[in-house]
Each structure stands twice: as structure tokens, then as C-alpha cells.
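Each chain is listed here by its residues.
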Amino acid sequence: MQTGTGLELILNAAEGVLQIIVTEDERLLSVQEWHKADRATEILAPALADMCRALNIAPAQFRRIACVRGPGSFTGIRLVLATAAALRRVGQARLAGLDYMQALATSAVLQHNLFYGTPVWVLTHARRNLVHCQPFMSYGPQIPAQPSQPVDLCPPQEALRRMEAACSEPLPQGTDKHRCARVCGSGLARNAAVFAGIEGMRMVPPDPGAGMLAIPGLVCPHTEALRLLARHGDYFDADVEPLYVRPCDAVENLPQLAPRMGMTGEHAMAALDVMLERAPKSEI
């Protein structure tokens, strides 16, 4: 009978960094971070093979694989999920999907040792003038930050309005009346002019009494946050479904691209619907 979590692999390529983490029974064995988002597809397989060789393990030996399923880069998400799906087919691993926004919020909790009840807002770049926006609540350093609303896609100005409105609401009973909401994610730096008024966005000491405090440097999940989410993940003998929030550029542009293929926009969209709904002929 197997005990412990065994060999575990954690993968993330949802935004600007490719992260590969290997643990055994929750003991950290190896970590690699590649700040080469445009080359993640060519890096992941060789890097993982090198890590397995150095650790003297076979990829088929992983018992658990936790992979960040989004939201974020379509290419990075597909790369991670396809790799996990392939490893599941050649080994014994069960898979769990991790949420990228939750990983960033949990990183803020761990980095700043945030107490129970502290709000954390995560804003990540989606595309020009759009951010993924989601509020979380800290439950302390032993539990992943928990979402208080679903992730949404909105302009950065709307995200700022929501955060300011939330800071003006009465605090729940039992929480720290002096708490300060934290804000993190790539959406801050990519829309710095919009969020310039938040404490922490300027090169001056922040006001300790501010209602919001930005953490502009937190744009990548910490290893410990990913490990905590993986520890609490739900693992299944099935592939992980991606979490896409914003529409795919190719789909949105299909009506304009269709004439180049000798099709009308309506015909192309109808053909796409058929292909998306068609059942696969095999598991592979």
C-alpha cells in the first residue's frame, strides 16, 4: 500500500515564466524557473528530462501532477496541460488543475504573512486595456487564499473602481479593522497610469493607513504558493480542462480571415462550431 504523496510534478506557464517543480512526499527536490515565455514550448520537455535524469527518476514515476490551467497565455496553458496529459498516459499520475489567480493571491499571503480576513486583489494582463480581475480573502499562511468572487474580464479603470468600492464597504465582524487590501499581478505594471494612485506604485514609502497597498513586483507565483495549492488540489484520473476567460484572438478574427480560405465568415464560424462539438474518435 502506497503512503504519502509520492513523486509530484507541478507545472506553470500561464504568464511570463515557465515553472517546473518536483517534490517527493511534499519534500522539495528540484525547482526550475525559465523567464523565456516565448520559448517555453521548446524548453519544457528537455528541461523536465534533465531534471528527471539528475534526480534519477523516470517521468512515468510521477504519482501526482498539478498544472496551472489558467487564466493566462493560451499557448502556455495548452503546453502545460498537454504535457500533463501525455505523462498521465504513460504512467500512473493523477492530475489536478491549479488556478493562476489563486496562486498569485496565495503568494501575496505568504510573502507578507497576511492575517485572516485580509483582502487580496489579483489583476493580470489579458490584452490591451483589459485585465483579469479577481478578489480573494486571506486565510493565513497554511491555507490557500480563497476567492470571494469569480474571475472576470474588465478594463483596468473598472477594476480600480471595484477595488475602491470594496475598500469603502463595512468590514465583516471578527476581521482586523485596520486591515489593508493588497493588490498584485501583471495588470498593475501594464496599466501603471491607471493605478498610479494606489500606495506602493510610486517610489515613496507607502502610507500605513492606506486602504490599498500595491505589490507591483509580484507578477509570478512563488514556489511555496504553488506547492501549497498542489497540496490542497483535487486529483483525478482525467485530463485537466483549461480555464480561458478572454476570447481567443483567432476565433474573434475568424470572420475577417475566412475570405482568405475561400469561405464566408458565417460558413467559417458554423464549421468551427461543428468541430468544437464533435466527439473525438479516440482518447488520444
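Residues numbered from 1 in each chain as written. Predicted model: local features only at pLDDT ≥ 70, side-chain atom pairs only at ≥ 80, totals over all residues. Heavy atoms only, no water.

Topologically, Asp25 is positioned in the loop between β2 (18–24) and β3 (27–34). Between the C-alpha atoms of Asp25 and Thr5, which are 20 residues apart in sequence, the distance is 4.7 Å. Within the structure, the side chain of Asp25 is placed 2.7 Å from the backbone nitrogen of Gly6, a separation counted as a polar contact. (Helix = DSSP H or I, 4+ residues; strand = E, 2+ residues; numbered from the N terminus. Polar contact = N/O pair within 3.5 Å; in protein donor to acceptor, adjacent residues only side chain to side chain.)

Think of it this way: side chains of opposite charge can pair up when their charged atoms draw near. Counted by the stated rule, this structure contains 12 salt bridges. A salt bridge links Arg94 to Asp237; the nearest nitrogen and oxygen atoms lie 3.1 Å apart. Within this pair, whereas Arg94 is found in strand β5 (residues 94–98), its partner Asp237 is found in the loop between α6 (223–231) and α7 (249–257), the two being separated by 143 residues in sequence. Owing to a relative accessible area of 35%, Arg94 belongs among the partly exposed residues under this scheme. On the accessibility criterion, Asp237 (53% relative accessible area) is exposed. One salt bridge connects Glu158 with Arg162, and the closest N-O pair in it is separated by 2.9 Å. Remark: Arg162 and Glu158 occur in helix α4 (residues 156–167); sequence separation between them is four residues, near one turn of the helix. Through salt bridges with shared partners, one network takes in Asp152, Glu158, Arg161 and Arg162. (Salt bridge = Lys/Arg side-chain N within 4 Å of Asp/Glu carboxyl O. Buried < 20%, exposed > 50% of the residue type's maximum accessible area, 1.4 Å probe, protein only.)

Below, the discussion takes up the nonpolar core. Of all hydrophobic cores here, the largest spans 27 residues; its most connected members are Leu9, Leu18, Ile20, Phe62 and Ile65. In terms of residues, this core owes the most to one element, helix α1 (residues 40–55), which gives seven residues. If we ignore the near neighbours within four places in the chain, the residues touching Leu9 are Ile20, Ile21, Val22, Leu48, Phe62, Arg64, Ile65, Ala66 and Leu87. Membership of the second largest hydrophobic core comes to 26 residues, among which are Ala14, Leu114, Leu226 and Tyr235. (Core = buried A, V, L, I, M, F, W, Y, C linked by side-chain atoms within 4.5 Å. Contact = heavy atoms within 4.5 Å.)

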